[in-house]
Amino acid sequence: ALCNLAPALQRDGQLFGVASMESIQPLITAGDNWRRPEELETAHNRFQTAYDGMRQQRLGTTEYARSLTDLLLQWTWVYYHRGDYDGWYKLLNCHLEVAEAAKDSQRLALYYAWLGFCLVGKDNAASGRYLDQALALCKDLPQREVLGCVCTWLTWNRADSGALDE
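Residues numbered from 1 in each chain as written. Predicted model: local features only at pLDDT ≥ 70, side-chain atom pairs only at ≥ 80, totals over all residues. Heavy atoms only, no water.

Asks: Kindly report on the environment of Tyr79, identifying the contributing residues and their values.
Replies: For Tyr79, the position within the fold is in helix α3 (residues 62-82). Through-space distance from the C-alpha of Tyr79 to that of His44 is 7.8 Å; in sequence the pair is 35 residues apart. In this structure, Tyr79 is in contact with His44, Asp84, Gly87, Trp88 and Leu91, ignoring residues within four places of it in sequence. (Helix = DSSP H or I, 4+ residues; strand = E, 2+ residues; numbered from the N terminus. Contact = heavy atoms within 4.5 Å.)

Right, dumping it as structure tokens:
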């Protein structure tokens, strides 16, 4: 799916920075189960369980930050399809420092892009700032998928702001 660029959560059967896969298994299962509207709540609950499990693990490592960021990026699709933009923004915003600590430009660009997208039409100034940050990061990335998302969402932001000529 477009903009579904969060890297695989597993390496050699282990989640990066997480001691137990048991708490994360619901996340892996949930990945394909949110596609039908009636499954969104179940998928959301599975992501919540995985998130709660990760929050109980060790903090402060780059791998942990990447893993939690990946989880949040995957979870964004559930929030998007549920239409819970306020909850989605709150979740992403309160973990912004974690995404920045992941020290990965592609992850961070996508994270900023989703934050900006959450705010299109609600707070266009903040939305534009996040999308501009994402765009700046994309300029140095060899992969262009995130850039495509950012440019699309910047167009929506600028149109809503009356600044489409930018």
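Next comes the rest of the description.
Asks: Could you give an account of the state of the cysteines, naming the residues involved and the relevant values?
Replies: Tallying each qualifying case throughout the model produces 0 disulfides. There is no disulfide at Cys138, and the cysteine sulfur nearest it, in Cys151, is 7.4 Å away. (Disulfide = S-S within 2.5 Å.)

Asks: How would you sum up the packing of aromatic side chains? Please name residues and give values.
Replies: Evaluation of the coordinates by the stated rule reveals 16 aromatic pairs. Ring geometry for Phe47 versus Trp75: centroids 5.9 Å apart, planes at 15 degrees, classification stacked. One end of the pair, Phe47, is in helix α2 (residues 40-55); the other, Trp75, is in helix α3, and 28 residues separate them in sequence. Trp75 carries the same exposure label as Phe47, and that label is buried. When the ring of Tyr80 is compared with that of Phe117, the centres are 5.7 Å apart and the planes differ by 45 degrees; the resulting orientation is tilted. Pair noted here: Tyr80 is in helix α3 and Phe117 is in helix α6 (residues 105-119), with a separation of 37 residues, a long-range link. The structure contains a cluster of three or more aromatic residues connected by ring pairs, namely Trp77, Tyr80, Tyr85, Trp88, Trp114, Phe117, Trp153 and Trp156. Lying across the ring of Tyr79, Arg82 places its NZ or CZ 5.7 Å from the centre. (Phe/Tyr/Trp six-rings, centres within 6.5 Å; stacked < 30°, edge-to-face > 60°. Buried < 20%, exposed > 50% of the residue type's maximum accessible area, 1.4 Å probe, protein only. Lys NZ or Arg CZ within 6 Å of the ring centre and 35° of its normal.)

Asks: Talk me through the environment of Glu39; I want residue IDs and the actual numbers.
Replies: Secondary-structure assignment places Glu39 in the loop between α1 (25-30) and α2. In this structure Glu39 comes out as buried when scored by relative accessible area, which is 19%. Glu39 sits 39 residues away from Val78 along the chain, and the two C-alpha atoms are 9.6 Å apart.

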